[in-house]
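# Coordinate analysis (summary)
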Amino acid sequence: ARALTPQTAETDAIRFLVGTQSLRYDNQIHIIDFDDENNIINKNVLLHQVGEIWHISTSPADKGVLATCYNKTSDSKVMTCAAVWRMPKELESGSHESPDDSSSNTQTLELLCHLDNTAHGNMACVMWEPMGDGKKIISLADNNILLWDLQESSAEAVLSSSAALEGKGQLKFTSGRWSPHHNCTQIATANDTTVRGWDTRSMRQIYCIENAHGQLVRDLDFNPNKQYYLASCGDDCKVKFWDTRNVTEPVKTLEEHSHWVWNVRYNHSHDQLILTGSSDSRVILSNMVSISSEPFGHMVDDDELSDQEDQHQEEKIKEPLQDSVIATYEEHEDSVYAVEWSSADPWLFASLSYDGRLVINKVPRALKYHILL
């Protein structure tokens, strides 16, 4: 397995979706519900009969809708296509009842529409407009950025605009992220060693970080609380943090992994917490507090303090906290291809390795209270 996503529209139940990559069997989407109180994982399986799943993303507005990028073989050529699906009604919300006999009630996804890319090449990923109503999608296909409008009930996708990478060589996007800032009018894309920013209204390039990494850039993520901050990671084993207003140098670089870094994710609530997954089989949780939206910790109102506390507090504020690795998780025995924070619980995250192992972990309690208190 490679594809993992939290169910973005679900903010009550802790839920992740995993897509499989089996060559011999029908592929599946596993709906993973984590019952935090009893520490139980429940799983429902949906059939995804069209091919192995390379990327999966969920609608920000509708719990039942998701998009996948999958491989399809036609005329002995392999194409990566994308489609929008709906899961059965009874599975839309996080259910804590595990089916008694899971083998008998495997259900199938309902196809809403294909994102038809026959003219544009292989789909690398599909991104939903982060704050949107679930009607706007961007897909990256080979060297094309395609902006789609999903029509009523998402039964049809209309291509509303597009842009293409121009230049020498084999230009292909590897990944992209839609920024939650600037009224959702910007996306960032990675191709080869370059990171680019685009304005979705004009489909023009707004910034370009050439040689952002020494080798292929694998993934990107925007800081949810600081509008110009972007993280990237790649095959040079590094994670870099950029201020997109000045892209000559990264603001910070993390060099903790010993192999390709496939994934980087900011925590949605506490942007100092950074999660990375790598083919060194490790997941690393870092505390990048110096470039977070609260570099000096949590500011306390003067009214809340007595005099004695006051002095102590001032001393505390003056000294910025240090960036550090909080924890390294080694439960995986194979390349970690995906890490994601839960959209319901900011302290909980999942990681997925190629051998199909999904691991759910929590931010260490001591750090959680350090951040909150």
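The model shown is predicted, which means the values in this text are computed figures rather than measured ones. (Residues numbered from 1 in each chain as written. Predicted model: local features only at pLDDT ≥ 70, side-chain atom pairs only at ≥ 80, totals over all residues. Heavy atoms only, no water.)

### Observations concerning a nonpolar patch on the surface
A cluster of nonpolar side chains, Tyr-369, Leu-372 and Leu-373, forms an exposed patch at the surface whose accessible area comes to about 330 Å². Assignment of secondary structure puts Leu-373 in the segment after helix H2 (365–372). Using a relative accessible area of 74% as the deciding quantity, one classes Leu-373 as exposed. (Patch = residues over 30% accessible without salt bridge, like charges linked within 9 Å, V, L, I, M, F, W, Y side chains within 5 Å. Areas by Shrake-Rupley, 256 points an atom, 1.4 Å probe, with all protein chains shown as cover. Salt bridge = Lys/Arg side-chain N within 4 Å of Asp/Glu carboxyl O. Helix = DSSP H or I, 4+ residues; strand = E, 2+ residues; numbered from the N terminus. Buried < 20%, exposed > 50% of the residue type's maximum accessible area, 1.4 Å probe, protein only.)

### Observations regarding the pattern of salt bridges
In this structure the tally under the stated criterion is 15 salt bridges. The salt bridge partner of Lys-252 is Asp-323, with a shortest N-O separation of 3.3 Å. Here Lys-252, found in strand S21 (residues 252–254), pairs with Asp-323, found in the loop between helix H1 (307–318) and strand S25 (324–329); they are 71 residues apart in sequence, far enough to count as distant. Taking relative accessible area as the criterion, Lys-252 reaches 30% and is therefore assigned partly exposed.

### Section: the UniProt feature "repeat: WD" (unreviewed entry) in the protein
Residues annotated in UniProt with the feature "repeat: WD" (unreviewed entry) correspond here to residues 210–246. For residues 210–246, the helix share is 0%, the strand share is 46%, and the end-to-end C-alpha distance is 12 Å. (UniProt positions renumbered as here; feature names shortened; annotations may be inferred.)

### Here's the deal with the environment of Val-239
Mapped onto the fold, Val-239 is located in strand S20 (residues 239–243). What makes Val-239 buried here is its relative accessible area of 2%. Along the chain, Val-239 and Val-264 lie 25 residues apart, while their C-alpha atoms are 7.6 Å from each other.

### Observations regarding the sheet that holds strand S10 (residues 123–128)
Pairing in this open sheet of four strands is antiparallel, and the strands run S10-S11-S12-S13 from one edge to the other. What marks the edges here is a single partner per strand, and that holds for S10 and strand S13 (157–164). Averaged over all pairs of adjacent strands, the angle between their axes in this sheet comes to 20 degrees, without regard to strand direction. Two strands pair when backbone bridges link them, and strand S12 (residues 144–150) and S13 are joined in this way by seven bridges, in the antiparallel orientation. (Pairing = 2+ DSSP bridges. Axes fitted to C-alpha atoms, helices over the stretch in contact; angles between N-to-C directions.)

### As for the packing of aromatic side chains
Summed over all chains, the structure comprises six aromatic pairs. Considering the side-chain rings of Phe-241 and Tyr-266, the 6.2 Å spacing of their centres and the 70 degrees angle between planes classify their relative orientation as edge-to-face. In this pair, Phe-241 sits in strand S20 while Tyr-266 sits in strand S22 (residues 261–266), placing the two residues 25 residues apart along the sequence. Where Trp-260 meets Trp-262, the ring centres are 6.3 Å apart and the plane angle is 50 degrees; that geometry is what we call tilted. Looking at Trp-262, the relative accessible area reads 16%, which means it is buried. In this structure an aromatic cluster arises from ring pairing among Trp-260, Trp-262, Tyr-337 and Tyr-354. Between Arg-2 and the ring centre of Tyr-337, over which it is positioned, the NZ or CZ distance is 4.1 Å. Directly above the ring of Tyr-229 sits Lys-226, whose terminal nitrogen or CZ lies 4.1 Å from the centroid. (Phe/Tyr/Trp six-rings, centres within 6.5 Å; stacked < 30°, edge-to-face > 60°. Lys NZ or Arg CZ within 6 Å of the ring centre and 35° of its normal.)

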